[in-house]
Amino acid sequence: LLKILKLFLAFFVIQLFYLHQISAENLNAVRVIVNGEIITEFDIQTRAYEAFRIAAQKYSEAGLESKKQEIIENAIDELIDRKILVQEAKKLLIETPELEEQIEKSVAAFEKGAVDQVGSVYKYYELANKQGFNPLKKRAELRKDLLIEEIMRANVYRKIVVTPKAIKRYYQDHIDEFSMKGSMSFRHILIKRSSYDSDEEAKKTTEDLLNRLKNGEDFETLAKEHSRGPHAGRGGLWGFGEVKGFRKDLVADISHLKEGELSQVIKSSLGFHIFKIEEIVQAQTLSFMKVQEEIRNTLFREKFVKVKKEYLKKLRKNVVIKRY
């Protein structure tokens, strides 16, 4: 609950920040001009909003405040790059007039799909109004997205080559990434020694529970009723990712058990334990055939970032950018 409240507070801080910006500054104020095309304060705030929302989930209020300027600068750079790419793509339209028709068909198909999904044009515009976006502006942004995709295909995507040799080498160099250690999940009952007058009494209670389990009673139900372990409310369940936080000596004691098998009563400094193995995943290394497409996508993304950066750097040499 405390974590949720902190997230709510951080998100509230973001909202206050934007409210302050709206009340203190003119949202139509020009912040950047890219070859004569303007980027306004509103454009920047809109672009930064999602990044602020994500940051609110990761940082404290103080940490979020320190990230504020970085998020805004990143938003400005993204908007500048978008302007440059759209401007460059418009040159492509002049060189290939048939591309204009292709893009218009794609936009029309998208709009038809959206209308068909909600049932009618009226319903589409009604929902757009409720969600706070202008369908005409949405259409214009979609058109720009398609233009950017064309210019990226011609100047970035086609320059990226991921060879089978590179994929194989990545697999060999990063084999640990594709190796899975063996793991298990289990249910656990803890009868604490401190709740009884003697070890013998606590042990007898635990042995009685074990006998009931062997006679078919449900482990989850008995764990909720009798266990004093940290996951008792969940029927004593410890998932795959949680087992690594359990006492290693006790995990070692049950490592020989099979799925569905009950342990004997095990004594520790806390008291007496019963375990039931829920599921076991054997250690394995994923084959090259299974992961080669994933590797190809990873290498493609790495090269895409590099090639796109180089392309934009080249374009910026011929662009006039004024910041205010």
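This structure is a prediction, so every number in the text was calculated from the model and none was measured. (Residues numbered from 1 in each chain as written. Predicted model: local features only at pLDDT ≥ 70, side-chain atom pairs only at ≥ 80, totals over all residues. Heavy atoms only, no water.)

Chemist: Help me understand the confidence of the model for the protein, please; the structure alone is not making it clear to me.
Modeler: Segments scoring low in pLDDT should not have their predicted coordinates read at a detailed level. On average, residues of the protein score 88 in pLDDT, and 92% of them reach the 70 mark or higher. Low pLDDT (under 50) marks residues 1–9, which in the prediction has three contacts with non-local residues, meaning those over four places away or in another chain. (pLDDT = per-residue confidence, 0-100. Contact = heavy atoms within 4.5 Å.)

Chemist: I would appreciate a short explanation of the sheet that holds strand β5 (residues 237–238) in the present structure.
Modeler: Sheet strands line up and pair through hydrogen bonds in the backbone, either parallel or antiparallel. One open sheet accounts for four strands, arranged β5-β4-β7-β6; its pairing is antiparallel. Where the open sheet ends on each side, the last strands, each with one partner, are β5 and β6 (266–267). Relative to strand β7 (residues 271–281), strand β4 (residues 183–192) runs antiparallel, the two sharing 10 bridges. From the neighbouring strand, Ile-191 faces β7, where its bridge partner is Phe-272. Packed onto the sheet, helix α8 (residues 199–214) meets β4, β6 and β7 and runs at close to 35° relative to β7. Against the sheet, helix α9 (residues 219–226) touches β4 and β7, its axis set at about 40° to β4. (Pairing = 2+ DSSP bridges. Helix = DSSP H or I, 4+ residues; strand = E, 2+ residues; numbered from the N terminus. Axes fitted to C-alpha atoms, helices over the stretch in contact; angles between N-to-C directions.)

Chemist: Help me understand the sheet that holds strand β9 (residues 321–323), please; the structure alone is not making it clear to me.
Modeler: Ordered in space as β2-β1-β9, the three strands form an open sheet in which the pairing is antiparallel. Two strands close off the open sheet at either side, each with one partner strand: β2 (37–40) and β9. Recorded for the sheet is a direction-independent mean angle of 20° between the axes of neighbouring strands. Sheet analysis places strand β1 (residues 30–34) next to β9, joined by three bridges and oriented antiparallel. From the neighbouring strand, Val-32 faces β9, where its bridge partner is Arg-323.

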